[in-house]
Amino acid sequence: MGIFDGLPVSSDKAYLREEISRIDESWAAARFDSLPHVVHILTSKDREGEVQFLKEQSDIIEEVVDEVVHAYHSGFNKAIQNYSQILRLFSESTESIAVLKVDLADAKKRLSARNKQLHQLWYRSVTLRHIISLLDQIEGIAKVPSRIEKLIAEKQFYAAVQVHVQSTLMLEREGLQTVGALQDVRSELTKLRGVLFYKVLEDLHAHLYNKGEYSSAASSVHERDDEVPTTTAVAFVNNSQPLSRRTRLMKGDSQIGIHVDGSYRPGSVDGGSSFDGRDEEGALELPDDATSDGHMASIRVNGGDGIPKDFKMVSRQMPIWLSNSTPDEFLEAIKKSDAPLHVKYLQTMVECLCMLGKVAAAGAIICQRLRPTIHDIITSKIKAHAELLNCSRSGIGQGDRTVTAGLHLLKGQFQSFQLQKQKRQNGMSLVGTLSAVSPVSSVMGPRGKAQSAAMDLLDSILDTIVRIFENHVVVGEILESKSIHQSEMNTPRSLPTDWNPDSEASQVTGGYNIGFSLTVFQSECQQLICEILRATPEAASADAAVQTARLASKAPSKEKRDRSDDGLTFAFRFTDATVSIPNQGVDLIRQGWSRRGPNVSQEGYGSAAVLPEQGIYLAASTYRPVLQFTDKVASMLPKKYAQLGNDGLLTFVENFVKDHFLPTMFVDYRKSVQQAISSPAAFRPRAHTGATYTPLVEKGRPVLQGLLAIDFLAKEVLGWAHAMPKFAGDLAKYVQTFLERTYERCRTSYMEAVLEKQSYMLIGRNDIEKLMRVDPASSYLPNSLGQSNMDDNASDAESVEVELELSNLLLALRPIKQENLIRDDNKLILLASLSDSLEYVADSIERLGQTTSRASQAEENPKHRHTRTSSAPTRDLASFADEYRKLAIDCLKVLRVEMQLETIFHMQEMTNREYLEDQDAEEPDDFIISLTAQITRRDEEMAPFVASLKRNYIFGGICSIAANASVKALADMKSINLFGVQQICRNSIALEQALAAIPSINSEAVQQRLDHVRTYYELLNMPFEALLAFIMEHERLFTAAEYAYLLKVQVPGREIPADAQDRISEILSH
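Along each chain, residues carry numbers from 1 onward, in the same order as the chain's sequence is written. Where local features are concerned, this predicted model is filtered to residues with pLDDT of at least 70; where side-chain atom pairs are given and counted, the filter is 80 or more; whole-chain, interface and lining totals use all residues. Note that the side-chain values use all heavy atoms of the structure and ignore hydrogens as well as water.

Attention now goes to the overall build of the protein chain. Secondary structure follows DSSP: runs of H or I at least 4 residues long count as helices, runs of E at least 2 residues long count as strands, and numbering of each begins at the N terminus. The secondary structure content of the protein chain amounts to 43 helices and 2 strands. Exposed residues in this analysis have more than 50% of their type's maximum accessible area, buried residues have under 20%, and partly exposed residues fall in between, with area computed by a 1.4 Å probe over protein chains only. Across the 1070 residues of the protein chain, 47% fall into the buried class. Whether two residues are in contact is decided by their heavy atoms: any pair within 4.5 Å suffices. Once local pairs closer than 6 in sequence are excluded, the contacts in the protein chain between residues at least 24 apart make up 81%. Surface accessibility of the protein chain: about 54,500 Å² in total, with carbon and sulfur atoms responsible for 53%. Using a 1.4 Å probe, the Shrake-Rupley method yields the accessible areas, and only the shown protein chains count as cover for residues.

If you want it as structure tokens, here you go:
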């Protein structure tokens, strides 16, 4: 870029830029040296040309300079003109200021001469303006009563209170006290103060109990709330719960309207400030558009059903009940608050009472009405439930209300129908048997209709109480915060040591606070529960000072209990706190005041119209609703009242359950258990002859009546434990006691059947017990749920070896005496039925233990403070299941060994008989006929009582014993002929047919075992050489001793060489 590039050259002479760019920049140097250029020209050959070139460059530069001068000339001229004008204006201003100074000095001199007269004129104008303002205010005050009445009619209570307070303060001013025309206005305002107080109090009272226009959404329309079916009560609890949590965060909002100086100032109503000037003129007058009907109509149109969006916008900006109010700090706080609508309304009503100075009177009246109102709400709730049930039963209900309300009734009818279908195949009614053994009716059982009805009723009522108490917490916190602030303002700094701020606050609020309301709520709920339980709470009188100290968490009142003979009478009663009525509220509540309301507590609630039955067993259905109620209340209570929530209704219910319900239950169920196990029919097997076994009790599983009853009672007691998880440990101990007594009774019945019998003694022997444990047949024995006894690692050879060893031990007991056997088939059937029944109870107990374990894990939630504390009951139930199952296994083992001994008893006749028949056998031996008949008969008799696998275990040991006994019988025989061999084969065939007829036994295994016997005896018909050839081919089929017995016995017509034994031994030794 060249040094001449920035020159302002016009576009039509752009060639000048090119010409300038050719000029050497050395001509533009700061220190120009001409000597080199002169020398260059002088030494040049063409001097004239060089000179001419310099002239041309000079002309170009001059032309460029002309262009530059032409471009900047007009700007220079304008700047010079502007500077000239500025200089002229400065000169004129200086002259004017000098003249003004002279004039001001002259004016000052003249004004100082008239100072006193001017001050008098100014004072006169201020006085006249003040008089005019007072006249305007007097005119406005005269219209105040009608304006207040209009605002009351429109339910604009806060605006009415604002106008009343401002007007009252204005009438107290010095200038207006002597105006006689305002005396009527004063009297009207005094009357309107009482009207406003009662209107505000009535509206506050309605909203406290969720019956107002702006009540919470869950219960804003109390008529519809009464009609809500019990099945949806939980939804209301869930909907109201987040709302109640939020009330704990509104303590800051509850102090709205309180200023540093302690005044409630909707426009400085304390009387300590004065109105003057423009503030005084506009203090009383509300804007015309705010009080006009047109504005209200527009609000209603915008907030109508047609445009709900606009309504939400208006209500979000400012609640409609404050639309006519004068803006102040309270309105700003309400506008900025994110509290629910009903909470804002409660805050507004409390603020109105504070502005009217009627907090103590309002608190006293609320205390007076609290118990009767709660009593009426509970009674009306119960009546609504009763009407709903009547409509459901008669079919009068309409639409969804009938459908949803009848769910519980239909559920109960369906359960009853299902139970009626569960009949035993032998004609016995399962339901009748079980219901007869229980100490409570099916309606009062843990899952009975009375329990569900009582729980639903309490859930609904306590949920309503919780929502009402939520409002009382809001109001109570606001009143307490204001009373504490007022006490701090009115109390001197040096306080006595025994000063109690809570008692002072209670006096300021007329005795009303959160603790008082909670005490009354819990007292009424306690009386309702007592009515449901048919208990008789006796009113325990408490000194007023003790009760007040209890509410202050300083001197808790002691519970008085009166234990009567029937265990149902007890004394525990919440008493109302002493209400301190200030002097200003005495005239308002003197008539009709009753602190305790004795008539209310004597009327009752009419819960009998809703509940199918009443009684002490409904205590289980009250526990969970009360526990949930306590948790919700505890989440709402401030810290100072936390102890009231812990020591209230839940403590009463827990003490009642612990001191009355559990002992009564234990006595009743212990008696039922004793009756169930001592009944003559308790351990009497009952089933149809020829009936098939079924694993389901509902379809006819012949569980012993006593054990079935115990199982039912155990489930029922644990059902109570599920309803009351805190007492699950105690109830589990009850179940353990019942199961222990039942086990002793079962053990006694078992011993009566097996006492002094050889089979019972044998299963106790260590060697036989060990072999029976490793026997493959033990896989059929009962075991824990989800486990298997099958030993997949046991080989066939090992199984045969175990069976052979066990068989040899039993055969060594010969001869078997008949008196050592169980000859009474009824005892065998009892053992079979007892085994199956014990297994059923063991499985049921184990399932109960698992269910209890899962329930305990679900209950162990950090949110709940009252949960099961130990899992020990589950382990105890599992141990009882093992004991019951072990006894069931002993029964099966006795039956198996008994059938094996019976087989040995019959088969031992073979050794006493000569098998030298003279003709072909057509029938088996008599002892075989007797044995097969006994096997068939006992199998048919046991079939209805044990499963097929258990029958396989009982009768499965006969085959191996019979086969082994038959083979070993040859050792005791001296001679046998062909017909004798056929007779033994006929015996084995008869035994095979009898065993194969048992469906559970593997007929192929039976055939294989008895074919082995027939093969062994048929070897007697072979010549010696043929026998040698057979032994060479099947040397492992029989033992060396068994082959030796074949040579020892004498068979007519068979020749045995002298070295026969040596030759066979030589073959077997290879």
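Note on placement: Asp 459 falls in helix H20 (residues 449-490). Nearest to the buried, unbridged Asp 459 among oppositely charged side chains is Lys 632, at 6.8 Å. Two residue types count as positive, namely Lys and Arg, and two as negative, namely Asp and Glu; His and chain ends fall outside the count. For salt bridges, the criterion is a side-chain nitrogen of Lys or Arg within 4 Å of an Asp or Glu carboxyl oxygen.

This next bit is on a nonpolar patch on the surface. Patches here are clusters of residues that have more than 30% relative accessible area and form no salt bridge, with a 9 Å joining cutoff for like charges and a 5 Å cutoff for nonpolar side chains (Val, Leu, Ile, Met, Phe, Trp, Tyr). A cluster of nonpolar side chains, Ile 61, Val 65 and Val 69, forms an exposed patch at the surface whose accessible area comes to about 240 Å². Structurally, Val 65 can be placed in helix H3 (residues 47-111).

Once that is clear, we can look at the environment of His 722. Summarising the element assignment, His 722 is placed in helix H29 (residues 705-723). Counting along the chain gives 102 residues from His 722 to Ala 620, while the straight-line C-alpha distance between them is 9.1 Å.

One can find Ala 732 in helix H30 (residues 728-754). Taking C-alpha positions, Ala 732 is 8.2 Å from Leu 877, a pair spaced 145 residues apart along the chain.

Let's shift gears to a negative patch on the surface. Where a charge lies is defined by one atom per residue type, namely NZ (Lys), CZ (Arg), CG (Asp) and CD (Glu). Among the surface-exposed residues, Glu 56, Asp 59, Glu 62 and Asp 66 lie close enough to one another that they form a single negatively charged patch. Here Glu 62 lies in helix H3.

Our focus in this paragraph is the nonpolar core. The set of buried Ala, Val, Leu, Ile, Met, Phe, Trp, Tyr and Cys residues whose side-chain atoms join them within 4.5 Å is what this entry labels a nonpolar core. In this structure, Phe 661 and Tyr 1017 are the most contacted members of the largest nonpolar core, which totals 242 residues. Setting aside its immediate chain neighbours within four residues, Phe 661 contacts Ile 616, Tyr 617, Ala 619, Ala 620, Phe 656, Trp 720 and Met 724.

Turning our eyes to something else, we now look at the pattern of salt bridges. Tallied over the entire structure, the rule returns 26 salt bridges. As a salt-bridge pair, Lys 715 and Asp 711 come within 3.3 Å of each other at their nearest N and O atoms. Pair noted here: Lys 715 and Asp 711 are both in helix H29, with a separation of 4 residues, about one helical turn. Note on Lys 715: relative accessible area 37%, which makes it partly exposed.

Okay, the packing of aromatic side chains next. Under the pairing criterion, centres of Phe, Tyr and Trp rings, with the six-membered ring standing for Trp, must be within 6.5 Å; the plane angle then separates stacked pairs below 30 degrees from edge-to-face pairs above 60, leaving the rest tilted. Applying the stated criterion across every chain yields a total of 18 aromatic pairs. Ring geometry for Tyr 617 and Phe 661: centres 5.5 Å apart, planes at 85 degrees, overall edge-to-face. Highlighted residues: Tyr 617 in the loop between helix H25 (598-603) and helix H26 (619-636) and Phe 661 in helix H28 (residues 649-678), separated in sequence by 44 residues. Where Phe 1038 meets Tyr 1043, the ring centres are 5.8 Å apart and the plane angle is 85 degrees; that geometry is what we call edge-to-face. Classification of Phe 1038 as buried rests on a relative accessible area of 3%. What makes Tyr 1043 buried here is its relative accessible area of 1%. By the ring-pair criterion, three or more aromatic residues cluster together here, those being Tyr 1016, Tyr 1017, Phe 1038 and Tyr 1043. Positioned above the aromatic ring of Tyr 953, the side-chain terminus of Arg 896 is 4.8 Å from the ring centre. Note on geometry: a ring has a charge over it if NZ (lysine) or CZ (arginine) is within 6 Å of the ring centre and within 35 degrees of the ring normal. In this arrangement the basic side chain of Arg 913 is found over the ring face of Tyr 915, its NZ or CZ atom lying 4.6 Å from the centre.

Looking now at the packing of helix H36 (residues 926-942) against helix H37 (residues 948-955). Between N-to-C directions, angles cover 0 to 180 degrees, with each direction set by a line fitted to C-alpha atoms, over the stretch in contact for helices. Two elements in contact, H36 and H37, have axes separated by 11 Å at closest approach and are oriented at 155 degrees. For the element pair H36 / H37, the angle class is roughly antiparallel. Crossing hand, H36 versus H37: right-handed. Of the residues in H37, those touching H36 at Ile 935, Arg 938, Asp 939 and Met 942 are Arg 951, Ile 954 and Phe 955. Partitioning the contact of H36 with H37 into residue classes produces 4 nonpolar, no polar and 3 charged. Angles are sorted into four bins: roughly parallel if under 35 degrees, roughly antiparallel if over 145, roughly perpendicular if 65 to 115, and oblique for all others. Left-handed is the label given to a crossing in which the near helix is rotated counterclockwise from the far helix by less than a right angle, and right-handed is the label when the rotation is clockwise. For this scheme, ten residues count as nonpolar: Ala, Val, Leu, Ile, Met, Phe, Trp, Tyr, Cys and Pro. Four count as charged, namely Asp, Glu, Lys and Arg, and the remainder, Gly too, count as polar.

Secondary-structure assignment places Gln 758 in helix H31 (residues 758-763). On the basis of relative accessible area, Gln 758 is assigned to the buried category, the value being 14%. Residues Gln 758 and Glu 898, 140 residues apart in the sequence, show an inter-C-alpha distance of 8.0 Å. Not counting chain neighbours up to four residues away, the residues in contact with Gln 758 comprise Leu 813, Ile 816, Asn 820 and Leu 901.

This paragraph deals with helix H32 (residues 766-774). The set of residues buried in H32 consists of Ile 768, Leu 771 and Met 772. The buried residues of H32 occupy one face: seen down the axis, they fall within an arc of 100 degrees. Facing away from the buried side of H32 by more than 90 degrees, the exposed set consists of Asn 766, Lys 770 and Arg 773. Taking the helix axis as origin, the arc is that swept by the directions to the C-beta atoms.

Quick look at the side chain of Arg 1054 now. In this structure, Arg 1054 sits in the loop between helix H42 (1040-1048) and helix H43 (1060-1069). Although Arg 1054 is buried, it makes no salt bridge; Glu 1055 carries the closest opposite charge, 10 Å away.

A separate point is the confidence of the model for the protein chain. The predictor's confidence in any single residue is recorded as pLDDT, a number from 0 to 100. Model confidence for the protein chain is summarised by a mean pLDDT of 75, while 72% of its residues fall at 70 or above. Ignoring residues within four places in sequence, the model shows residues 539-602, a span with pLDDT below 50, making 128 contacts including any to other chains. Predicted confidence for residues 862-874 stays below pLDDT 50, and this span has 28 contacts to residues more than four positions away or in other chains.

In the segment running from Arg 814 into Pro 815, the intervening peptide bond is cis, with an omega of 5 degrees. Mapping Pro 815 onto the fold places it in the loop between helix H33 (796-811) and helix H34 (825-859). One non-glycine residue, Asn 210, lies in positive phi territory at about 60 degrees. If you check the backbone angles, Arg 534 has positive phi at about 60 degrees while not being a glycine. Locating Arg 534 in the fold gives a position in the loop between helix H22 (514-533) and strand S1 (536-537).

Another point: the packing of helix H41 (residues 1024-1033) against H43. In contact at an axis separation of 10 Å, H41 and H43 are set at 15 degrees when each is read in the N-to-C sense. When the axis of H41 is compared with that of H43, the two are roughly parallel. Handedness of the H41/H43 crossing: right-handed. Contacts between H41 and H43 involve Phe 1024, Glu 1025, Leu 1028, Ile 1031 and Met 1032 from the former and Ala 1060, Arg 1063, Ile 1064, Ile 1067 and Leu 1068 from the latter. Here the residues of the contact of H41 with H43 sort into 8 nonpolar, no polar and 2 charged.

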